[in-house]
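Examining the three-dimensional arrangement
Here are the chains, one letter per residue:
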Amino acid sequence: MKSRPRRNRKNEVIRAMVAETNLGVENLIYPIFLQNGKNLKIEIPSLPNIYRWSLDSLLLEIEKCVQLGLNQFVLFPSIEEHLKNKTATYSYSSENYYLNVIHTLKKEFPEVVLMSDVAMDPYSSDGHDGLVVDGKIVNDETLPILGKMALAQAQAGIDIIGPSDMMDGRVGYIRQILDENRFTDVSIMSYTAKYASAFYGPFRDALDSAPKSGNKKTYQMDPKNRREALIEAKLDMEEGTDMLMVKPALCYLDVISLLKENFPLPITAYNVSGEYAMVHAAAQKGWLNYTDAMLEVLISIRRAGADGILSYFAKDFASIQK
Ligand code: PBG
């Protein structure tokens, strides 16, 4: 045998030299769930070690993350049922505690990067990402609501807007409103290829945001489609997004790689709640090793081509680096 690939794997030093993929804490964005109130740290049964935080408790948690080198966060609000309505007006109301959380975090930790979620679902009495009229999720009438939400977040000091709603034309609409209001430095990371997935289950438990009727298949992408992601990516790029996201990550590694090869923008991937819960559940049963599985999951997403990864594993990863 002239060629023996095993020679390049024979010890740790050689393996490190020939490693094609790396992963650092700088690649990770940590999702944080919020709850209005004081001194709260509420467990989410389907998301082990992930909590809903009130602002005061969260300040201490962010401090710990920053000490671990974790500096990027994506924030999701849990909204009390009585504040939800058809048109999600609380999302851009000056009373919205989410906006106050953004403002306070940026004041206390000016160096951290904060990303928001733009979609109606946490605030909508219908639990959909867009406006529901006669049982249909209407696109163009949703855009002004998303625009107001994004503007309110920019005014609160957000660094990156994250439209997760999958309405057509929303990136361009939001970009224009931001620019008209002189928020030209606020970035957009669009949820570009967001699939209608079973893996969002624990997230919807965390926010109590599941659709009250129907499903999200008329706006989120069909898991059967790959080339369609190119259309979404082209539109988002033309409309002015700064980064393209694929979501979920693990069942869609091929889509991450497709976008990486075809678009010069940074690519991110959302390693979603169900993907995290699955690893925890198997580890709890002793069916796999938690840390090894976590590292393999994260590296596979990087290998597929993601520059950044939104992941519930971020803090555990950061902890073992230190
Ligand atoms: C809502 C939104 C969802 C997630 C992020 N933003 C759920 C959904 O579309 O129903 C899922 C994230 C996760 O599962 O970790 N617009």
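Above this text you will find the structure in question.
Below: a short report on this structure. (Residues numbered from 1 in each chain as written. Predicted model: local features only at pLDDT ≥ 70, side-chain atom pairs only at ≥ 80, totals over all residues. Heavy atoms only, no water.)

This part covers the overall build of the chain. Tallying secondary structure elements over the chain gives 11 helices and 12 strands in all. Relative to the 2.2 N^0.38 estimate, which gives 20 Å for 322 residues, the radius of gyration of the chain is 20 Å and therefore close to what a compact globule would have. In terms of principal-axis extent, the alpha carbons of the chain reach across some 70 × 45 × 40 Å. The buried share of the chain, taken over its 322 residues, is 54%. Looking at the chain as shown, the accessible area adds up to about 15,100 Å², and 50% of this sits on carbon and sulfur atoms. Side-chain charges of the chain comprise 36 positive and 41 negative groups, with the mean position of each set lying 8 Å from the other. (Helix = DSSP H or I, 4+ residues; strand = E, 2+ residues; numbered from the N terminus. Rg over C-alpha atoms; globule rule 2.2 N^0.38 Å. Buried < 20%, exposed > 50% of the residue type's maximum accessible area, 1.4 Å probe, protein only. Areas by Shrake-Rupley, 256 points an atom, 1.4 Å probe, with all protein chains shown as cover. Lys, Arg positive; Asp, Glu negative; His and termini not counted. Charge placed at Lys NZ, Arg CZ, Asp CG, Glu CD.)

The next thing to look at is the site of the ligand. Neighbouring residues of the ligand: 18 residues in total, closest K194, R204, K247, S273 and Y312. D129 has a polar side-chain atom sitting 3.1 Å from a nitrogen atom of the ligand. Taking R204, its side chain carries an N or O atom lying 2.7 Å from an oxygen atom of the ligand. Residues belonging to the shell around the ligand are distributed by class as follows: eight nonpolar, three polar and seven charged. (Near = heavy atom within 4 Å. Polar contact = N/O pair within 3.5 Å; in protein donor to acceptor, adjacent residues only side chain to side chain. Nonpolar A, V, L, I, M, F, W, Y, C, P; charged D, E, K, R; others polar.)

On the surface, a cluster of positive charge is made up of R4, R6, R7, R9 and K10. In this structure, R9 sits in the segment before α1 (12–18). (Patch = residues over 30% accessible without salt bridge, like charges linked within 9 Å, V, L, I, M, F, W, Y side chains within 5 Å. Salt bridge = Lys/Arg side-chain N within 4 Å of Asp/Glu carboxyl O.)

Before going further, it helps to spend a moment on the packing of helix α3 (residues 97–108) against helix α4 (residues 143–156). At a closest axis distance of 8 Å, the pairing of α3 and α4 adopts a crossing angle of 35°. In this structure, the crossing between α3 and α4 has a hand that is right-handed. Two secondary-structure elements touch here, α3 through Y98, L99, I102 and H103 and α4 through A152, Q153 and A156. A per-class count over the contact of α3 with α4 returns five nonpolar, two polar and no charged. (Axes fitted to C-alpha atoms, helices over the stretch in contact; angles between N-to-C directions. Left-handed = near helix turned anticlockwise from the far one by under 90°. Contact = heavy atoms within 4.5 Å.)

Here the focus is unusual backbone geometry. With an omega dihedral of -10°, the bond running from K247 to P248 counts as a cis peptide bond. Notably, M166 is not glycine yet its phi reads approximately 65°, a positive angle. With respect to the helices and strands, the residue M166 is situated in the loop between β8 (160–161) and α5 (170–180). In this structure, R182 takes a positive phi of about 65° despite not being glycine. As for its position among the elements, R182 is in the loop between α5 and β9 (187–194). A relative accessible area of 76% places R182 in the exposed class.

A word on the pairing of strand β1 (residues 28–35). The element β1 is extensively covered by neighbouring structure, given that eight of its eight residues are classed as buried. Residue alternation in β1 divides its side chains into two sets, L28, Y30, I32 and L34 and I29, P31, F33 and Q35, and both sets are buried. The pairing of β1 with strand β12 (residues 308–311) spans two bridges and is parallel. Opposite I29, over in β12, you have L310 as the bridge partner. Pairing of β1 with strand β3 (residues 51–53) involves two bridges; the strand directions are parallel. Pairing of F33 across the sheet is with R52, part of β3. (Pairing = 2+ DSSP bridges.)

This part is about helix α2 (residues 55–67). Between its first and last C-alpha atoms α2 spans 18 Å; for 13 residues at 1.5 Å apiece the expected length is 18 Å, and the two agree. Its buried side turned inward, α2 meets β1, β3, β4 (72–78), α3 and α11 (314–321). G69 sits one or two residues past α2 and shows a positive phi near 90°. (Expected span 1.5 Å × (residues − 1).)

What follows is about the nonpolar core. Core analysis: the largest hydrophobic core is formed by 102 residues, its most contacted members being I32, F33, L105, I161, I256 and Y270. Element by element, the count of residues in this core is highest for α4, at eight residues. What I32 contacts, discounting residues up to four positions off in sequence, is W53, L58, I62, F73, V74, L75 and F76. (Core = buried A, V, L, I, M, F, W, Y, C linked by side-chain atoms within 4.5 Å.)

Here the focus is helix α9 (residues 273–284). End to end, α9 covers 16 Å across 12 residues, agreeing with the expected 16 Å (1.5 Å per residue, within 8%). Three or more residues of α9 are buried, namely S273, G274, E275, Y276, A277, V279, H280 and A282. Structurally, α9 contributes buried residues whose contacts are with α6 (201–207), β11 (267–271) and α10 (290–304). Just past α9, the residue G286 takes up positive phi, approximately 80°.

Attention now moves to the environment of I145. With respect to the helices and strands, the residue I145 is situated in helix α4. Residues I145 and R6, 139 residues apart in the sequence, show an inter-C-alpha distance of 57 Å. Those residues in contact with I145 that sit more than four places away from it in its chain are T87, A88, Y92, M120 and L131.

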